[in-house]
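The chain contents come next:
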Amino acid sequence: MKLKATNISFKYPSAKNYLLKDINLELDNKKIMGLIGDSGSGKSTLCKILSGYVQKYEGEVSFDDAPLPKKGFKPVQLIYQHPEKVMNPKWKMKDVLGESWDVDEKTLSEFGIQKSWLTRFPQELSGGELQRFSVLRALNPKTKFIIADEMTTMLDAITQVQILDSVLKLVKERNMGFLLVSHDMDLVDTICDDKIYLKDINNI
Ligand SMILES: Nc1ncnc2c1ncn2[C@@H]1O[C@H](COP(=O)(O)OP(=O)(O)O)[C@@H](O)[C@H]1O
Ligand SMILES: [Mg+2]
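What comes next is a walk through the structure.

About the thresholds
Residues numbered from 1 in each chain as written. Chains lettered and ligands numbered in written order. Predicted model: local features only at pLDDT ≥ 70, side-chain atom pairs only at ≥ 80, totals over all residues. Heavy atoms only, no water. Pairing = 2+ DSSP bridges. Helix = DSSP H or I, 4+ residues; strand = E, 2+ residues; numbered from the N terminus. Axes fitted to C-alpha atoms, helices over the stretch in contact; angles between N-to-C directions. Contact = heavy atoms within 4.5 Å. Core = buried A, V, L, I, M, F, W, Y, C linked by side-chain atoms within 4.5 Å. Buried < 20%, exposed > 50% of the residue type's maximum accessible area, 1.4 Å probe, protein only.

A few words on the sheet that holds strand S6 (residues 76-79). With parallel pairing, five strands are arranged side by side in an open sheet as S6-S7-S8-S3-S9. Edge positions in the sheet fall to S6 and strand S9 (194-197), since each has one partner strand and no second. Direction aside, neighbouring strands of the sheet carry axes that sit 20° apart on average. When strand S3 (residues 32-36) meets strand S8 (residues 177-182), the two strands line up parallel, connected through five bridges. Residue pairing in the sheet places Ile 32 in a bridge with Phe 178 of S8. Lying on the sheet, helix H5 (residues 157-173) is in contact with S3 and S8; it crosses S8 at an angle near 155°.

Encoded structure:
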């Protein structure tokens, strides 16, 4: 599988200058890659473009040589840094998760999710507990590629390792691609086979 970005350029309508310029990138499921960049350098924006959440940009993103689908299920799933921002506060966790896929009990327990959490609302869980749901929600059986955008930045070291271990195990089992986006060089060096610096591929 191949996630390919060709000559991606992007500017926010309110901004004077381009944030991303002529970015070329090719990712696959053979290596766990890390993307590193300073805060504000455009990592999250690039993630949204690569996963199809931002659709107005210059250049092309392709997945297995076809454009990303504009509607319906997204084969490239994005895990956000702040899960609470992308969950409906009026939904119980079992519905938040169930909207994506029907997760079996074994997987729930592998991700350290307790049954009692399923009947709570997002605001009734801690950041780490919520992030487990957010990660699992992205791991729909149809998912081919995961982009984890600073997904564990807010968590303590032990929770961070637990969640990443669970994800990477599933990623390997299912032969998915994985891109870890972070400003934390040590984490990237620990987890990833290889790394890319955004400033090296961004021609602004
Ligand atoms: N929706 C938006 N509208 C305008 N500017 C934005 C928007 N989102 C982010 N930005 C700006 O774009 C720059 C890059 O943001 P971001 O992609 O979130 O960087 P990073 O993830 O590397 O911290 C920042 O200067 C930020 O303020
Ligand atoms: Mg970011």
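Moving on to the nonpolar core. Judged by nonpolar contacts, the single largest core of 38 residues is most densely connected at Phe 133, Leu 136, Leu 139, Phe 178 and Leu 180. Those elements that place two or more of their residues in this core are S3, helix H2 (93-98), helix H4 (127-138), strand S7 (145-149), H5, S8 and helix H6 (185-191). In terms of residue count, H5 provides more of this core than any other element does, six residues in total. If we skip the residues at most four places from it in the chain, Leu 136 touches Leu 97, Trp 101, Val 103, Thr 107, Leu 108, Phe 111 and Ile 113. Membership of the second largest hydrophobic core comes to 28 residues, among which are Leu 27, Ile 49, Val 76 and Phe 145.

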